[in-house]
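# Architecture and fold: a report
Chain residues, written in single-letter form:
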Amino acid sequence: MAVKLKLSSDEVSAKLAQKMSDLDIIQKERETRLKADKEGVPYIDLAHFPISQEALNLVPEEMARKYGLLPILFSEGEVRLGAIEPKRADLIDYLKSLKEEHPANYVLYMISQHSFEVGLKHYAGLVRIKQSVSGVFITEQEMAKYRGVVKDFNKVNELLRKANMSEAVTIIISGALDLGATDIHVEAEETDIKVRYRLDGLLYTVAEINKDSWRVLVSRLKLLSKLKLNIETQPQDGRFTIVLANNKVDVRVSTIPTAFGESVVMRLLRSSAAGLAFDDLGLQGKSYEVLKMQIARPSGLILAAGPTGSGKTTTLYAILNKLNQPYNKIITLEDPIEYKLKGINQSQVDHSRGYDFARGLKSILRQDPDIVMVGEVRDPETAEIAVNAALTGHLVLSTTHTNSAAGAVPRFLSMGVKAFLLAPSLNAVIGQRLVRRLCPKCKQEVRLDSEMLVRVKKILATLPKDAGYRVDINKLKFYEAKGCEACSKLGYKGRIGIYEILIVTPEIEKNILKASVSEQEIHELATAGGMVTMLQDGVLKVLQGITSLSEVLSHV
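Rules used in this analysis
- Per chain, residues are indexed from 1 in the order of the written sequence.
- Whole-chain, interface and lining totals are the exception, using all residues; otherwise, since this is a predicted model, local features are given only for residues with pLDDT of at least 70 and side-chain atom pairs are given and counted only at 80 or more.
- Note that the side-chain values use all heavy atoms of the structure and ignore hydrogens as well as water.
- For the purposes of this entry, the term helix denotes a DSSP run of H or I that reaches at least four residues, the term strand denotes a run of E that reaches at least two, and both are numbered from the N terminus.
- Note on classification: 1.4 Å probe, protein chains only; a residue is buried when its accessible area is under 20% of the maximum for its type, exposed when over 50%, partly exposed between these limits.
- A 1.4 Å probe and the Shrake-Rupley method give the accessible areas. Residues count as covered only by the protein chains that appear here.
- When DSSP locates at least two bridges between a pair of strands, those strands are taken to pair.
- Nonpolar cores are built from buried Ala, Val, Leu, Ile, Met, Phe, Trp, Tyr and Cys residues. Side-chain atoms within 4.5 Å join them into one set.
- Pairs of residues are marked as contacts when any of their non-hydrogen atoms sit within 4.5 Å.
- Simply put, an axis is a line fit to the C-alpha atoms, just over the touching stretch for a helix, and the angle between two N-to-C directions goes from 0 to 180 degrees.
- Any angle that is under 35 degrees is reported as roughly parallel, and any over 145 degrees as roughly antiparallel; angles of 65 to 115 degrees are reported as roughly perpendicular and all others as oblique.
- The sense of a crossing depends on the near helix, which, turned anticlockwise from the far helix by less than a right angle, makes the crossing left-handed and, turned clockwise, makes it right-handed.
- Each residue receives one of three labels: charged for Asp, Glu, Lys and Arg, nonpolar for Ala, Val, Leu, Ile, Met, Phe, Trp, Tyr, Cys and Pro, and polar for the others, Gly being one of them.
- Whenever a carboxyl oxygen of Asp or Glu lies within 4 Å of a side-chain nitrogen of Lys or Arg, that contact is scored as a salt bridge.
- Stacked, tilted and edge-to-face are the three classes applied to pairs of Phe, Tyr and Trp rings, where Trp contributes its six-membered ring and a pair requires centres within 6.5 Å; stacked means planes under 30 degrees apart, edge-to-face means over 60, and tilted covers the rest.
- Placement of a positive charge over a ring is assigned whenever Lys NZ or Arg CZ falls within 6 Å of the ring centre and within 35 degrees of the normal to the ring plane.
- A score between 0 and 100, pLDDT records how confident the predictor is in each residue.

### With respect to the overall build of the protein
Counting secondary structure elements, the protein contains 20 helices and 20 strands. Counting only residues that meet the buried cut, the protein has 49% of its 556 residues in that class. By element, 51% of the accessible surface of the protein is carried by carbon and sulfur atoms, the whole surface being about 27800 Å².

Written as structure tokens, this is what we have:
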């Protein structure tokens, strides 16, 4: 037998009041809809509408309250907003200024007072991010509190301990910019979160954050990068931009699931790096002169060879900057486009649409280019097309993953490129590594032990006579750096390339035609023909006080 519970008079009053309030809201929404129809404005009820934080970031809360205006949807090229009085004159003026700052197609809806109040509540948990319709970006003003204060790693850790999570992302990024990091790694471990910066090629732990903050921190990074917050078991890729006074930094973000939470890596791509001049690469002596001659040729294939992180793309960009003249049509095919180059047509590979290197290169060659840059030759079809393009009047630049310049020849032959096509098409191969520069403020002269000194003299003994250097074998000077405030106590600041430029001489061309030539054979022919090796170039930079011997020997 069911038992009927008797409600108290207060409960009955509360239920009745709620019922009346609901009916009042329904009536007000009905009136707003009729008003919208009368004024010829579209209507929307925001009671159950999912308002995105990306949209709310377009209009500050104080302006929303002032004009009775709510941005409700933000997508590429379109912004939708709700307003209590869409035809207010001052609101129309405000929208004009908003369009100037964020050009897009704006759609304005009429909303009720109740809808407006519901929408305003979303501002309470808003992550403050500056936005434009073309993407998300952080301005230097937002980081002003932290820029310039990070002198060493301990400072980042100290700031993060005192900050709340809403400030953590700004501190992490500001510290990376101050220290000159190329990458930021945020990694979940069993007991805490590690924040690491890659500085001049090496990773350093700069902070440890309480594990309880992990989900909030990752959510903020995902929101900033326009990634899906509810996807945690699949990799995601996104990006955002940092706008500085004299520079712009594109941040490429990657997340992957790990045992203790998602790992987030942010690659900082400074637009100033795209403007690197050919003369600033670190090429010198004979290497500089022969490469300068090779890139001036109207056709042929030039390859940059080296492992991941050896600066191959930067070298090709510097060459493109030198060749970028009004009379040259230059097209690049990249995966992804790391830096935007003014005056150059850049195309990005999109594997999801079947637009890979091979298909993209075929399309590019129909665009009547003079110079083509292919991000990487990684498959037989792309290699064959690149070689044929080099033979038919195009200067083709690309990269390949080999340990030395000589290794590029057997690498291409192993991909199925015919020897009789490779031999006449290949102009030069740039073998390279990046080594850290000694800090000029704390470097000092050091003495080598006798065994190491003998090794250095042996390296210099085979230096070609026409290398462009005069070395007194009895007055060799070597340097190390102890670390100071200027270099964050690391002893190094910045990097420079060490190179070997392999030119395809008639003798090397003859050996390529054998189709079974080894890397060692090509290397011996190149050195016999006067090539300065990477190791020799590195030692010469050591003697000039640019880097240390230990740094060179650890890379070559």
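### Quick word on the pairing of strand β8 (residues 202-210)
When a strand is regular, its side chains alternate between the sheet's two faces. Pairing of strand β7 (residues 192-199) with β8, which is carried by eight bridges, proceeds in the antiparallel orientation. Counterpart to Arg196 in the pairing with β8 is Thr205. Following β7, the chain reverses through two residues before pairing antiparallel with β8; Asp200 in that reversal takes a positive phi of roughly 50°.

### Points about the side chain of Thr32
Along the chain, Thr32 falls in helix α1 (residues 9-39). Note on Thr32: relative accessible area 11%, which makes it buried.

### Digging into the nonpolar core
Phe412, Leu422 and Leu502 are the most contacted members of the largest nonpolar core, which has 42 residues in total. With six residues, the top contributor of residues to this core is helix α13 (residues 380-391). Apart from residues no more than four positions distant in its own chain, Leu422 is found in contact with Val387, Val409, Phe412, Leu413, Val417 and Ile512. The next biggest cluster of nonpolar side chains, apart from the first, holds 40 residues, and it includes Val186, Ile193, Tyr197 and Leu224.

### A few points about helix α19 (residues 534-543)
Of all ten residues making up α19, nine are buried, and the element is well covered by its neighbours. Within α19, the full set of buried residues consists of Met534, Gln536, Asp537, Gly538, Val539, Leu540, Lys541, Val542 and Leu543. Of the residues one or two after α19, Gly545 is the one with positive phi, at around 80°.

### Observations regarding unusual backbone geometry
Residues Asp335 and Pro336 are joined by a peptide bond in cis, for which omega reads -5°. Residue placement: Pro336 occurs in the loop between β13 (330-334) and β14 (345-348). The residue Asp200 is not glycine, and still its phi comes out positive at about 50°. In this structure, Asp200 sits in the loop between β7 and β8. We classify Asp200 as buried; its relative accessible area is 18%. One non-glycine residue with positive phi stands out, namely Lys489, at about 65°. For Lys489, the position within the fold is in the loop between β19 (478-481) and β20 (492-503).

### Here we look at the sheet that holds strand β16 (residues 395-400)
As summarised here, the arrangement of the seven strands in space is β14-β13-β15-β16-β12-β17-β20, forming an open sheet in which the pairing is mixed. The open sheet has two edge strands with one neighbour each: β14 and β20. Within the sheet, the average angular offset between the axes of one strand and its neighbour, ignoring direction, is 20°.

### Details of the packing of helix α12 (residues 357-365) against α13
It is the contact of α12 with α13, at a shortest axis distance of 8 Å, that shows an interaxial angle of 20°. Judged on the interaxial angle alone, α13 and α12 are roughly parallel. Of the two elements, α12 crosses α13, and the hand of that crossing is left-handed. Facing α12, whose interface residues are Phe357, Ala358, Leu361, Lys362 and Leu365, α13 presents Glu381, Thr382, Ile385, Ala386 and Ala389. Residue composition of the contact of α12 with α13, grouped by class: seven nonpolar, one polar and two charged.

### Concerning the pattern of salt bridges
Per the stated rule, a full pass over the model turns up 18 salt bridges. Between Glu232 and Arg215 there is a salt bridge; the shortest N-O distance is 2.4 Å. With Glu232 in the loop between α9 (214-224) and β9 (236-243) and Arg215 in helix α9, this pair connects stretches of sequence that are 17 residues apart. On the basis of relative accessibility, which here comes to 55%, the residue Arg215 falls in the exposed class. Taking the shortest distance from any N to any O, the salt bridge between Arg378 and Asp335 comes out at 4.0 Å. One end of the pair, Arg378, is in the loop between β15 (371-374) and α13; the other, Asp335, is in the loop between β13 and β14, with 43 residues separating them in the sequence. Since its relative accessible area comes to 34%, Asp335 is described here as partly exposed. Through salt bridges with shared partners, a single ionic network connects Glu189, Asp192, Lys194 and Glu208.

### Let's talk about the packing of aromatic side chains
For the structure shown, the criterion picks out two aromatic pairs. With 4.8 Å between their ring centres and 20° between their planes, Tyr67 and Tyr94 make a pair best called stacked. With Tyr67 in helix α3 (residues 61-67) and Tyr94 in helix α4 (residues 89-101), this residue pair connects regions lying 27 residues apart in the sequence. The burial state of Tyr67 is the same as that of Tyr94; both residues are buried. Centre to centre, the rings of Phe278 and Tyr288 are 5.7 Å apart; their planes meet at 40°, and the pair counts as tilted. Placement of the pair is Phe278 in the loop between β11 (261-270) and α10 (285-295) and Tyr288 in helix α10, with a sequence separation of ten residues. On the basis of relative accessibility, which here comes to 15%, the residue Tyr288 falls in the buried class. Positioned over the ring face of Tyr492 is Arg436, at 3.9 Å from the centre of the ring.

### Quick notes on the confidence of the model for the protein
This prediction gives the protein a mean pLDDT of 87; 89% of its residues lie at or above 70. Segment residues 127-135: pLDDT under 50, and 39 contacts once partners within four positions in sequence are set aside and those in other chains are kept.

### Points about the environment of Tyr204
Looking at the secondary structure, you find Tyr204 in strand β8. Separated by 19 residues in sequence, Tyr204 and His185 have C-alpha atoms that sit 9.6 Å apart. Apart from the residues lying within four places of it in its own chain, the contact partners of Tyr204 are Phe153, Val195, Arg196, Tyr197, Leu199, Arg436 and Leu490.

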